[in-house]
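Chains, contacts and geometry: an overview
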Amino acid sequence: PFEVEMEIRTENRTVGAKVAHAITMRHPNGLPAGTASIKLKGSAGQSFGAFITSGMQLHLEGEANDYVGKGMSGGEIAIRPPAAAPFTAPQAIAGNTNLYGATGGNYFAAGFAGERFGVRNSGATAVVEGIGDHGCEYMTGGTVAVLGPTGYNFGAGMTNGSVFAYDPEGAFPQRINGESVLLETVRGGSAPAATLRGLIERHVAATGSALGTSLLENWEEALSAFWLVIPRAALALRAEEAAAAEVEAVSQGVAD
């Protein structure tokens, strides 16, 4: 195990990829969580944490540009504002197209990200405090919790995965792509509610988020303002699988 602490500047692009390559060449299945701990301060350039793998932790105190976590397959990325920041409300902290094509790992951002967050995500878990237009576009797997406002056309082309959206203003139903996804409320005591609370707890632990802390302290009220986003394609597939299982059971009964 090792730990590195460094400053980072916008010209430092794809930070983490060389470490991920070195790990993968020696350990194709990755390493235990937290083996490579990289703590950074400043403004990260394009593709911060791209292609990172299991065993890596990239914690950034500052902000990042576009394509954070692009193609990541494991590990953890956490971004939080500077400790000396004069604000507590969420601010813009990451650029566009975060988690593009990610297949695994965890991503926590104590602030807003830009457009096309989670596009083509197929396995990463993420918590963010607000995003722009086209969130979770073409998502095929993974879990995302958005603890703040979203832009329009959310979930376009989404076929699988789970998304939670915090919507105390009641604006989210007008911002989804209704051809691709539908919404359900999150019931207290349900498995989705437990999953959501666990995600926010991890988010707070990784970033010290003031918003996440507030939601946990007022959990019952907060939970009533969350939506669960369900891809229509996933519902159709489950219906087909249930019908096929029923036919198989009937056929087996006749055969017996």
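Before reading on, note that the structure itself is shown above.
We now turn to the structure provided with this report.

In a beta sheet, neighbouring strands are held together by backbone hydrogen bonds and run either parallel or antiparallel to one another. With mixed pairing, the 10 strands of this open sheet are ordered in space as β1-β2-β3-β4-β5-β6-β7-β8-β10-β9. Edge positions in the sheet fall to β1 (2-8) and β9 (181-185), since each of these pairs with one other strand and no more. Taken pair by pair, the neighbouring strands of this sheet meet at an average axis angle of 15 degrees, ignoring direction. Where strand β2 (residues 36-44) and strand β3 (residues 56-64) come together, 9 bridges link them in parallel fashion. The residue of β3 that forms the bridge with K41 is E61.

Looking now at the pattern of salt bridges. Counted under the stated rule, the structure contains 5 salt bridges. With a shortest N-O distance of 3.2 Å, E61 and R80 are connected by a salt bridge. Of this pair, E61 sits in strand β3 while R80 sits in strand β4 (residues 73-80); the two residues are 19 residues apart in sequence, bridging distant segments of the chain. Residue E61 is classed as buried on the basis of its relative accessible area of 14%.

Examined against the element boundaries, E201 turns out to sit in helix α2 (residues 191-207). Residue classification places E201 among the partly exposed residues on the basis of a relative accessible area of 38%. For the pair E201 and P28, spaced 173 residues apart in sequence, the C-alpha to C-alpha distance is 30 Å.

Attention shifts here to the layout of surface pockets. The calculated volume of the largest pocket comes to roughly 220 Å³. Lining the largest pocket are 16 residues, with P81, F87, T88, G208 and A210 positioned closest to its centre. Taken together, the residues that form the lining of the largest pocket break down as 10 nonpolar, 4 polar and 2 charged.

Before going further, it helps to spend a moment on the packing of aromatic side chains. With the rule as written, the count across this model stands at 4 aromatic pairs. Ring geometry for Y166 versus F226: centroids 5.0 Å apart, planes at 40 degrees, classification tilted. Here Y166, found in strand β8 (residues 162-166), pairs with F226, found in strand β10 (residues 226-231); they are 60 residues apart in sequence, far enough to count as distant. Its relative accessible area of 1% is what places F226 among the buried residues. Lying across the ring of Y138, R120 places its NZ or CZ 4.9 Å from the centre. Across from the ring centre of Y152, 5.6 Å away, lies the NZ or CZ of R175, which sits over that ring.

Before going further, it helps to spend a moment on the environment of E76. Within the fold, E76 resides in strand β4. Separated by 21 residues in sequence, E76 and T97 have C-alpha atoms that sit 17 Å apart. Other than its neighbours up to four places away in sequence, E76 contacts I52, M56, Q57, L58, H59, N106, F108 and A206. For E76, the side chain forms a polar contact with the side chain of H59, separated by 2.8 Å.

How each quantity is defined
Residues numbered from 1 in each chain as written. Predicted model: local features only at pLDDT ≥ 70, side-chain atom pairs only at ≥ 80, totals over all residues. Heavy atoms only, no water. Pairing = 2+ DSSP bridges. Helix = DSSP H or I, 4+ residues; strand = E, 2+ residues; numbered from the N terminus. Axes fitted to C-alpha atoms, helices over the stretch in contact; angles between N-to-C directions. Salt bridge = Lys/Arg side-chain N within 4 Å of Asp/Glu carboxyl O. Buried < 20%, exposed > 50% of the residue type's maximum accessible area, 1.4 Å probe, protein only. 1 Å grid on protein atoms, 1.4 Å probe; cavity = no way out; pocket = protein on both sides within 12 Å on 5 of 7 lines; lining within 4 Å. Points joined across faces, edges and corners; volume = space filled by probe spheres on them. Nonpolar A, V, L, I, M, F, W, Y, C, P; charged D, E, K, R; others polar. Phe/Tyr/Trp six-rings, centres within 6.5 Å; stacked < 30°, edge-to-face > 60°. Lys NZ or Arg CZ within 6 Å of the ring centre and 35° of its normal. Contact = heavy atoms within 4.5 Å. Polar contact = N/O pair within 3.5 Å; in protein donor to acceptor, adjacent residues only side chain to side chain.

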